[in-house]
Amino acid sequence: MGISVAIYETECKSALCRSNKENVLRVLVKDPSKYGDAAEYERFLPIEDALKVFPDKDGFMKRNKIKEDVCTIYLDRLKDKEDRAALEKVTERTYTGWIEISKLTDNVGKGLITVSAPYDRQTEWDMLSFEEMNSVCAECKLSWDKGRGCIGSFGPDNSALPEIALKHGCKVTGSIPAGVAASRKYTKNDASELLKEIPILRNALETEGKLALKRYTGPVDRLEAVALISIEEGCGFRFF
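The paragraphs below set out a description of the structure included in this document.

Parameters and conventions
- Residues numbered from 1 in each chain as written.
- Predicted model: local features only at pLDDT ≥ 70, side-chain atom pairs only at ≥ 80, totals over all residues.
- Heavy atoms only, no water.
- Patch = residues over 30% accessible without salt bridge, like charges linked within 9 Å, V, L, I, M, F, W, Y side chains within 5 Å.
- Areas by Shrake-Rupley, 256 points an atom, 1.4 Å probe, with all protein chains shown as cover.
- Salt bridge = Lys/Arg side-chain N within 4 Å of Asp/Glu carboxyl O.
- Lys, Arg positive; Asp, Glu negative; His and termini not counted.
- Charge placed at Lys NZ, Arg CZ, Asp CG, Glu CD.
- Helix = DSSP H or I, 4+ residues; strand = E, 2+ residues; numbered from the N terminus.
- Pairing = 2+ DSSP bridges.
- Axes fitted to C-alpha atoms, helices over the stretch in contact; angles between N-to-C directions.
- Phe/Tyr/Trp six-rings, centres within 6.5 Å; stacked < 30°, edge-to-face > 60°.
- Buried < 20%, exposed > 50% of the residue type's maximum accessible area, 1.4 Å probe, protein only.
- Lys NZ or Arg CZ within 6 Å of the ring centre and 35° of its normal.
- Contact = heavy atoms within 4.5 Å.

### Focus on a negative patch on the surface
Here is step 1: A contiguous patch of negative charge on the surface is contributed by Asp 56, Asp 58, Glu 68 and Asp 69.
Here is step 2: Tracing the chain through its elements places Asp 69 in the loop between helix 3 (57-63) and strand 5 (72-74).

### A closer look at the sheet that holds strand 8 (residues 151-156)
Here is step 1: The sheet built from three strands is open, its strands ordered 8-1-9 with antiparallel pairing. What marks the edges here is a single partner per strand, and that holds for strand 8 and strand 9 (237-239). The mean angle between the axes of side-by-side strands here comes to 20°, regardless of whether they run parallel or antiparallel.
Here is step 2: The sheet contact formed by strand 1 (residues 2-7) and strand 9 spans three bridges and is antiparallel.

### Looking at the packing of aromatic side chains
Here is step 1: One pass over the full model with this rule turns up seven aromatic pairs.
Here is step 2: Taking 6.4 Å as the distance between ring centres and 75° as the angle between the ring planes, the aromatic pair formed by Tyr 41 and Tyr 95 counts as edge-to-face. Of this pair, Tyr 41 sits in strand 3 (residues 39-42) while Tyr 95 is found in strand 6 (residues 94-100), placing the two residues 54 residues apart along the sequence.
Here is step 3: Measuring from centroid to centroid gives 5.3 Å for Tyr 186 and Phe 239, while their planes differ by 85°, and the two rings are edge-to-face. Pair noted here: Tyr 186 is in the loop between helix 9 (176-182) and helix 10 (188-208) and Phe 239 is in strand 9, with a separation of 53 residues, a long-range link. Neither residue differs from the other here; Tyr 186 and Phe 239 are each classed as buried.
Here is step 4: The structure contains a cluster of three or more aromatic residues connected by ring pairs, namely Phe 154, Tyr 186, Phe 237 and Phe 239.
Here is step 5: Its guanidinium or amino end placed over the ring of Tyr 8, Lys 185 lies 4.7 Å from that ring's centre, counting from NZ or CZ.
Here is step 6: Positioned above the aromatic ring of Tyr 8, the side-chain terminus of Arg 238 is 5.0 Å from the ring centre.

### Here we look at the sheet that holds strand 7 (residues 121-123)
Here is step 1: Strand order across the open sheet formed by four strands is 3-6-2-7, with antiparallel pairing between neighbours. A strand with exactly one partner marks an edge of an open sheet, and here the two such strands are strand 3 and strand 7. For this sheet, the mean angle separating the axes of adjacent strands, direction not counted, is 30°.
Here is step 2: Examined bridge by bridge, strand 3 and strand 6 share three bridges and lie antiparallel to one another. Its bridge partner being in strand 6, Glu 42 is matched across the sheet by Thr 94.
Here is step 3: Packing of helix 5 (residues 106-115) onto the sheet brings it into contact with strand 2 (24-28), strand 6 and strand 7, and relative to strand 2 it is tilted by some 65°.

By themselves, these figures tell us nothing about what the structure is for.
Quick look at the structure:
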């Protein structure tokens, strides 16, 4: 297992992804049926049931470019509109649980977003491809991990760096394992203290020997980068 470090990027005025991540497009709910057309749904049925509707079975397969090994027919994937309309009469809506916020009134949409958990939301950022995300991160000043983004590796969960830090009075770095366990949010003030620890840690690694110097110089550099961003942007950071 490894420990990662990240800033709270949506707290940063300079974050290029901020508007995308704050624009919630969909929310997952327990009872989607009461949200009318805003509720996402699918219509599907087994291929053998679909074929019962059409006397010309081969024609149905050809019109809709359906392969022989298909077991389930999803109506929204059919090419022929008339075939789709015919099957809509013998299928029911199967809700996915997702609600499209744009199809709700502002008050209802905002209310759903407020009560939802972060993992039950899909934002405009989630709709981007990995290539598009990487392109945004590469241009963002908050990509403290050498342009790769604002999340990076601190090291393995058995890293000796926190122990070394405590030996030299570096409390913020020393608190990292406990911070992971408690899901602690570190503040701008913590970042100021962390920045003071960086030169102490670098000197400590020199005294610890070549192995420690080689193994932990990178993590210390990343801690410094996170601290500088946190202070400049006034954002929190976390270890997980």
